[in-house]
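Observations on chain architecture
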Amino acid sequence: MPLLKSMNTIGFSALVLLCTASGTLNAQLMHNQYPCAECAVGDNNGNDLKGLIISNKRDLYEKGDVVNTASGNTWGYMQIRSATVPSVNKSGEKKGELNYVEAITATYALYKTKDGAQAAWWARETNNPKGPLTSRMVKETGDAPEIPIVRYETITEEIEPKVFTIVEYSNNLFNERDFDVLLKNYVLVENGAIKTNEDYKSIISFYNDFLKKFTYVDDPILGKRSFITMLATPAGNKYIGYFNIVNGKLAGHLEFVDFQYQKDKDALVKKIFGKLTGSLVYVYGDDNFDLEKPIVMYAREHEIKLKRRHTNTDKKFNEDK
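Residues numbered from 1 in each chain as written. Predicted model: local features only at pLDDT ≥ 70, side-chain atom pairs only at ≥ 80, totals over all residues. Heavy atoms only, no water.

1. Re the overall build of the chain
As a reminder, the rule being used: Only DSSP runs of H or I covering at least 4 residues are called helices, and only runs of E covering at least 2 are called strands; the numbering of each starts at the N terminus. Relative accessibility decides the category of a residue: with a 1.4 Å probe and only protein chains considered, values under 20% of the type maximum give buried, values over 50% give exposed, and everything between is partly exposed. Contact criterion: two residues are considered in contact whenever any of their non-hydrogen atoms come within 4.5 Å of each other. Under the convention used here, a 1.4 Å probe and the Shrake-Rupley method define accessible areas, while residue burial counts only the protein chains that appear.
Along the backbone of the chain there are 8 helices and 11 strands. The burial tally for the chain puts 48% of its 321 residues in the buried class. Long-range contacts, defined here as pairs at least 24 residues apart, represent 67% of the contacts in the chain between residues at least 6 apart. Looking at the chain as shown, the accessible area adds up to about 16800 Å², and 52% of this sits on carbon and sulfur atoms.

2. Notes on the sheet that holds strand 8 (residues 238-246)
Operational definition: Here, a strand pair is defined by DSSP locating no fewer than two bridges between the strands. Lines are fitted to the C-alpha atoms to define the axes, a helix being fitted only along its stretch in contact, and any angle between axes, read from their N-to-C directions, falls within 0 to 180 degrees.
Read across the sheet, 11 strands follow the order 4-3-2-1-5-6-9-8-7-10-11 without closing on themselves; strand pairing throughout is mixed. Unpaired on one side and paired on the other, strand 4 (133-134) and strand 11 (305-309) mark the two borders of the sheet. Relative to strand 11, strand 10 (residues 280-284) runs parallel, the two sharing 5 bridges. Paired with Leu280 across the strands is Lys305, a residue of strand 11. Against the sheet, helix 3 (residues 49-71) contacts strand 1 (75-88), strand 2 (98-112), strand 3 (117-124) and strand 5 (164-169), and its axis sits at roughly 160° relative to strand 1.

3. Some words on unusual backbone geometry
The backbone of Thr126 sits at a positive phi, close to 55°, despite the residue not being glycine. On the secondary structure map, Thr126 appears in the loop between strand 3 and strand 4. Classification of Thr126 as buried rests on a relative accessible area of 17%.

4. Re the nonpolar core
Heads up, the rule is: In these notes, a set of buried Ala, Val, Leu, Ile, Met, Phe, Trp, Tyr and Cys residues joined through side-chain atoms within 4.5 Å is what counts as a nonpolar core.
The biggest cluster of nonpolar side chains holds 53 residues, and the ones touching the most others in it are Tyr108, Trp121, Tyr207, Phe227, Leu250 and Leu254. Tallying contributions element by element places helix 6 (residues 197-211) first for this core, with 7 residues. The residues touching Tyr207, leaving out its near neighbours within four places in the chain, are Trp75, Phe164, Thr229, Leu231, Gly241, Phe243 and Leu254.

5. Quick look at the packing of aromatic side chains
Centre distance and the angle of the planes are the two values used to describe a pair of aromatic rings. How we decide: Classification of ring pairs rests on two measures: the distance between centres of Phe, Tyr or Trp rings, Trp counted by its six-membered ring, which must be within 6.5 Å, and the angle between planes, read as stacked under 30 degrees, edge-to-face over 60 and tilted in between.
Considering all chains together, one arrives at 26 aromatic pairs under this definition. Taken together, a centroid distance of 5.9 Å and an interplanar angle of 75° make the contact between Trp122 and Phe179 edge-to-face. In this pair, Trp122 is assigned in strand 3 and Phe179 in helix 5 (residues 176-182), connecting sequence segments 57 residues apart. Residue classification places Phe179 among the buried positions, given a relative accessible area of 1%. Here Phe174 and Phe179 contribute two aromatic rings whose centre-to-centre distance is 6.0 Å and whose plane-to-plane angle is 80°, an arrangement assigned as edge-to-face.

In structure tokens:
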């Protein structure tokens, strides 16, 4: 019994020590609250907002003008890229110094306005995916950037009246929750996935029609419903968009479809349903891209209810009980 008691005491002490060490580690990882704003804007070896302006300005203007013109300036167009930047020590002997160990992911954004463009950046405090959004303007040094840098709120205020926003990303480091907060209806698409500028026109027309199938999107009855949409453009390119209703708006992804083998179809269907949250999923469009069988099989295996809708339907999604 004394030996057992001694072992229990040792075990308890080790547990306390482990918990203490773990708590210290967690506190250290989440210690610094803010990223280095100067680094995010223009001092991160080109992986910064000014670097994005230099590399993407031409592409932004070309595609953004197409989106603005095709939509009658009712759609927004944004390009983003994310990168890690050092945080700033908030206390201790090294207070105010850069901390590369406790790096924070910053997202850089370029937005095509009606007559020009704007740039901005933001991050999450302490790099917490659900933490408060943070950003800071910095004093410009050297040559002024080719696109004016503003606070991200300036861009989101301009996007507010848009019916939909296309967000093209250059890497996948960004936090999708950011856009659930900052934007209304939006679709994320990898830069280069939309194959021709003419396809933007088809995409805008398709989703404007799709929006007409809702009495209104901010409807509690839609909260547990998701949507798979399929469209083909006159150029022969095929796209699949898939959406959830988040904060009373459509939040989704758009992908170019190019199947080589059956396993590619199965992988895409699995990926799509892995993102969808609804127990009822609508499949909307006039072509199923030979995906009907894997979609039905996946839904059956996972007890997900499916409903088919064609583009000529007059029935609103809100009307289904």
